[in-house]
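Here is what each chain is made of, one letter per residue.
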Amino acid sequence: MAIAESGQSSASSPLVTQLHGWVTTVDHKRIGIMYILMSFFFMVVGGIEALLIRMQLWVPDNTLIGPDTFNQLFTMHGTTMIFFVVMPMLTGIANYLVPLMIGCRDVAFPRLNALGFWLSLFGGCILYTCYFTGDALYGLGSAPDVGWFAYAPLTSPAYARGGAVDYWILGTSVSGVGALTFAVNLVATILTMRAPGMKLNQVPLFVWMMLIDAWLILVAFPPLTAAQIMLILDRYAGAHFFDPQSGGSALLWQHLFWFFGHPEVYIMVLPAFGIISEIIPVFSRKVIFGYASMAAATAAIGLISLGVWAHHMFTVGLDDRLDAYFSAASFLIAIPTGIKVFNWTATLYGGRLQMRTPMLFALGFLSMFLIGGLTGIMLATVPVDWQVSDSYFLVAHFHYVLFGGSLFALMGGCYYWFPKATGKMLSEKLGLWHFWLLFIGFNLLFGPMHISGILGMPRRVYTYQAGQGWEFWNQVSTVGAFIMGFGILFFFINIAVSLRSGKKAGDDPWDAWTLEWATSSPPPSYNFEQILAVRSRRPLWDLKHPEDPDWKYE
Amino acid sequence: MTESSSNSETSPHPETIAMPRPTAWPMVLAAGVGLLALGIPTNMIFSLVGLGIIITSLYGWFGQLLTEEAEVEEPLVAPELRAKPIKPSHKRVLAATPGQRLELPEKVHPYSAGIKGGLAGGAVMAVVASMYGLFSGRGFWYPINLLAAMILPDFADNTIAELAQFSLAALIIGVVIHLATSLMVGLFFGVLLPTLPSSPVFWGGVVGPLLWSAFIYAFMGVLNPVMSQYVSWPWFIASQFAFGIVMGLVVVRSEKISAQSLTPATNRESHDG
Ligand code: HEM
Ligand SMILES: [Cu+2]
């Protein structure tokens, strides 16, 4: 085979050839799509786990699911959603788009890029093999039940017998190495492969935020991997890093974990910031307000987020002065975040808003992220945290930022760029169903958790007694969960229907301004026949409006 | 540069484009890593096989990179599948505005006005709060200790008498919180003002304090339980109004500048020419 088949011609070739094409591909766009498909798959799995959790909490003293299974369910749910749903989805979207947006043919390390995907996928597979090992094979027990942060000493050989925790450690660390290869590749691509003339301060904001995201991955994941290796040594080589009885420290795990864990939450939300910074201007028909301050605020968020990890540890009993420092540092994050929210609002202000589905998701993101951010500030206040830490209030907080924030924006991104990737439009009608069911279900599900949390309901209890005022709120939550499940069903239906019989998209369906819309939909494997030279932040605007180009103003 | 040369194409039209050759080695390598890992909880055999796969695939991968096998010449797709040229748009660009780059509003207060307003308002507020401390007989340090209780958890159990004592930590933390909040509110207000209709002092002196007080009233129980327990609401609201009115006056009296001049000039002009 001297000449490879191109993306288009393989569509008609037999299934085996097609599969072979996907397995061997080094095309950043196909790798991106595989990441996204992987994310969808695990979203279904993690979603089912969540529905089971909610069904168990429907009534007091429910016996549907026993305590052990319940522990396994929330552990697997959290781990799955963070490492195998949000991470791959953002990685996939970035992989697909960044080279197109900076107008180049490929990423810096295409094969390494493929390796990153397969590591992530196999990481997920390793995690889930725990369900197949069972007590029968090798006597390993089943799913891990130590929470997504796997606190020591729950993970010590004494408490976690069998292999379940090993699958957690190995699955997340293998996929973590995958995330590292993604980040290395992305940084190199953005720094070295931009179209001629495109300065770093002219790349789309999504690219800016992914650049900082990738740096955060590079800083935050290695400590996690190190901690995981230490844990494996504890479990298999007789080391005692995290074993207080032999001179180890259980706190050490928490420090290492949250030094990764807090930046990780920003790793998951920065791409969302990036996506809506692309969507809002296009659907407001306005230039983004405060480009430079957006990029600077992102950098500030990245930096600050590295120094606040112990706000997850206020209840550990650290020194008061440490608590005060971490509390104050956490408040600081509100400033750059506020700048961003202000810029988005200012972009909307006076714009000619077009309420298409991507825009709806962007606005949904804005409103729910705002709520999540406010509860975040409350949690960063030490006495408040002492009250509501490890209650459902906390669960509400991080779902508002991670689901209402991150995942909503990522789904909005799917609507926005689906036409580019497939050449078909997603249906607006099904999209509306998807959005509204998700939005209503989401708020029914997580809104009441603020209340049940303040009423004292702890997180991670498999059941509760009647008469504490929690029943009603839990039932609302469970109803919300199912509504949301339906919403996501509409998402998948929409994708299937639109792939089959969606409206043709054309190259530039949204009348947008960044380079990815300058090529065909879907783009050929080499992205662009000719590489365009760039003179401003909106190269397509310049081409469409030669009488009034941006480079005169920038 | 002339307009016609902008966005010109830099590369000539080739027939084929060199792209990396598809390869299964990355997938095989990842499978090796996965097996290596799985061996740990299951059986060493898996790890050994995994290690073998890793070595083989690295050998294959690098071997491929070193030859011309690494790349393939991809032919261009059929002309009808290529992107259409981008045509000038006939859509009206928003009239009366410089392109759609209009910054709304056109005139704003300089950032410094917001900072000065915040500082002035904060100072007046501090005076009102201290007066409360003195007149209520709870002592000069009482208000600042209440504020600091937001961060200093051990204040939560203090009695009123203890809260009247001087504490250096509380003083520092209280001052920092107060300064930071005043500056933030001032800046926020300064930026927001020109976009709001009608009189600025109305927004700063009436609406702002009302909203802010209502918000604090609602959330104080969670934000700062100590303060919510001991604070005197009439004085609290009075100090909010003092802050808002003073800050509003300071900001309004500053001279408005064009929004454009908030961005550095060099940045705007570098592309002209
Ligand atoms: C203003 C910004 C934010 C602040 C001040 C903040 C503060 C906090 C604090 C103090 C906690 C720990 C509560 C406890 O353990 O008792 C927490 C938990 C959490 N936050 Fe945030 N947060 C903010 C934004 C975010 C964002 C943007 C995300 C994600 C995109 C996020 C995700 C999470 C998660 C996942 C947890 C729970 C971790 C766990 O215990 O499992 N937060 N937040
Ligand atoms: Cu955090």
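As the structure is a computational prediction, the values presented were derived from the model and not from experiment. (Residues numbered from 1 in each chain as written. Chains lettered and ligands numbered in written order. Predicted model: local features only at pLDDT ≥ 70, side-chain atom pairs only at ≥ 80, totals over all residues. Heavy atoms only, no water.)

Asks: How should the overall build of chain B be read in this particular structure?
Replies: Within chain B one finds ten helices and four strands. The order of α-helices and β-strands along chain B, N terminus first, is β-α-α-β-β-α-α-α-α-α-α-α-β-α. Within chain B, the proportion of its 273 residues that are buried is 36%. A separation threshold of at least 6 residues defines the contact pool for chain B, and within that pool the share at least 24 residues apart is 72%. Total accessible area computed for chain B in this model is approximately 15,000 Å², and 70% of it derives from carbon and sulfur atoms. (Helix = DSSP H or I, 4+ residues; strand = E, 2+ residues; numbered from the N terminus. Buried < 20%, exposed > 50% of the residue type's maximum accessible area, 1.4 Å probe, protein only. Contact = heavy atoms within 4.5 Å. Areas by Shrake-Rupley, 256 points an atom, 1.4 Å probe, with all protein chains shown as cover.)

Asks: How should I be thinking about the site of ligand 1 in this particular structure?
Replies: Residues and elements named next belong to chain A. Of all residues adjacent to ligand 1, which total 22 residues, the nearest are Trp-148, Asp-385, Ser-389, His-397 and Phe-398. Within the contact set of ligand 1, an oxygen atom lies 2.6 Å away from a side-chain nitrogen or oxygen of Asp-385. Between ligand 1 and the protein, one listed contact pairs an oxygen atom with a side-chain N or O atom of Arg-459 at 3.0 Å. Among the secondary structure elements, those contributing two or more residues to the shell around ligand 1 are α7 (250–284), α10 (357–379) and α12 (392–422). Partitioning the shell around ligand 1 into residue classes produces 14 nonpolar, six polar and two charged. (Near = heavy atom within 4 Å. Polar contact = N/O pair within 3.5 Å; in protein donor to acceptor, adjacent residues only side chain to side chain. Nonpolar A, V, L, I, M, F, W, Y, C, P; charged D, E, K, R; others polar.)

Asks: For this particular structure, what's the right way to read the nonpolar core?
Replies: Considering soluble globular proteins, one finds that nonpolar side chains tend to be buried as a cluster. Counting 184 residues, the largest nonpolar core has Ile-93, Trp-253 and Trp-344 of chain A as its most contacted members. In terms of residue count, the dominant contributor to this core is helix α3 (residues 67–101) of chain A (20 residues). Look past the residues within four positions of Trp-344 of chain A in its chain and what remains in contact with it is Phe-273, Ile-276, Ser-277, Ile-280, Ile-288, Met-294, Phe-365 and Leu-366 of chain A. In this structure, Leu-152, Ala-170, Ile-173 and Ile-177 of chain B belong to the second largest nonpolar core, which totals eight residues. (Core = buried A, V, L, I, M, F, W, Y, C linked by side-chain atoms within 4.5 Å.)

Asks: Looking at this structure, how should I read helix α6 (residues 205–236) of chain A?
Replies: Three- or four-residue spacings in an α-helix give side chains the same orientation, since the helix completes a turn every 3.6 residues. Residue and element names in this part refer to chain A. Under the 1.5 Å per step criterion, the end-to-end length of α6 is 46 Å for 32 residues, consistent within 8% with the ideal 46 Å. For α6, the principal kink sits at Ala-220 and spans about 25 degrees; a proline, Pro-222, occurs within the next four residues. Among the 32 residues in α6, 24 count as buried, and that is most of the element. In the stretch just after α6, Gly-238 is the one whose phi turns positive, near 75 degrees. (Expected span 1.5 Å × (residues − 1). Bend = angle between axes of the 7 residues up to and from the residue.)

Asks: Just checking my understanding: could you explain the coordination of the iron atom of ligand 1 for this structure?
Replies: Ideal geometry at a metal centre: 109.5 degrees between donors when four sit tetrahedrally, and 90 or 180 degrees when six sit octahedrally. When only protein atoms are considered, the iron atom of ligand 1 has one donor, His-397 of chain A (NE2), at a distance of 2.2 Å. Position of His-397 of chain A relative to the elements: it lies in helix α12. (Donors = N, O, S within 2.8 Å, 3.2 Å for Na, K, Ca; no water.)

Asks: What is the right way to look at the coordination of the copper ion (ligand 2) in this model?
Replies: Residues and elements named next belong to chain A. Coordination of the copper ion (ligand 2) by the protein involves His-262 (ND1), His-311 (NE2) and His-312 (NE2), with metal-donor separations of 1.8 to 2.1 Å. If you list the donors of the copper ion (ligand 2) from N- to C-terminus, the spacing comes out as H-x48-H-H. A spacing of 4.4 Å is found between the copper ion (ligand 2) and the iron atom of ligand 1. Highlighted residues: His-262 in helix α7 and His-312 in the loop between α8 (291–305) and α9 (320–348), separated in sequence by 50 residues. Take His-262: its relative accessible area is 5%, and that puts it in the buried class.

Asks: Sorry, what's going on with the side chain of Ser-284 of chain A here?
Replies: Here Ser-284 of chain A shows up in helix α7. The contact partners of Ser-284 of chain A, leaving out residues within four places of it in the chain, are Thr-347, Leu-348, Gly-351, Arg-352, Leu-353 and Met-359 of chain A.

Asks: What is the right way to look at the UniProt feature "transmembrane region" (unreviewed entry) in chain B in this model?
Replies: Residue and element names in this part refer to chain B. Under the present numbering, the feature "transmembrane region" (unreviewed entry) in UniProt falls on residues 23–40, 45–62, 111–132, 168–193, 200–220 and 232–252. In residues 45–62, the share of helix is 100% and the share of strand is 0%. The end C-alpha atoms are 26 Å apart. Structurally, residues 111–132 is divided into 100% helix and 0% strand, and its ends, taken at the C-alpha atoms, are 32 Å apart. (UniProt positions renumbered as here; feature names shortened; annotations may be inferred.)

Asks: Help me understand the environment of Ala-30 of chain B in this model?
Replies: In this fold, Ala-30 of chain B is placed in helix α1 (residues 25–38). Separated by 31 residues in sequence, Ala-30 of chain B and Trp-61 of chain B have C-alpha atoms that sit 12 Å apart.

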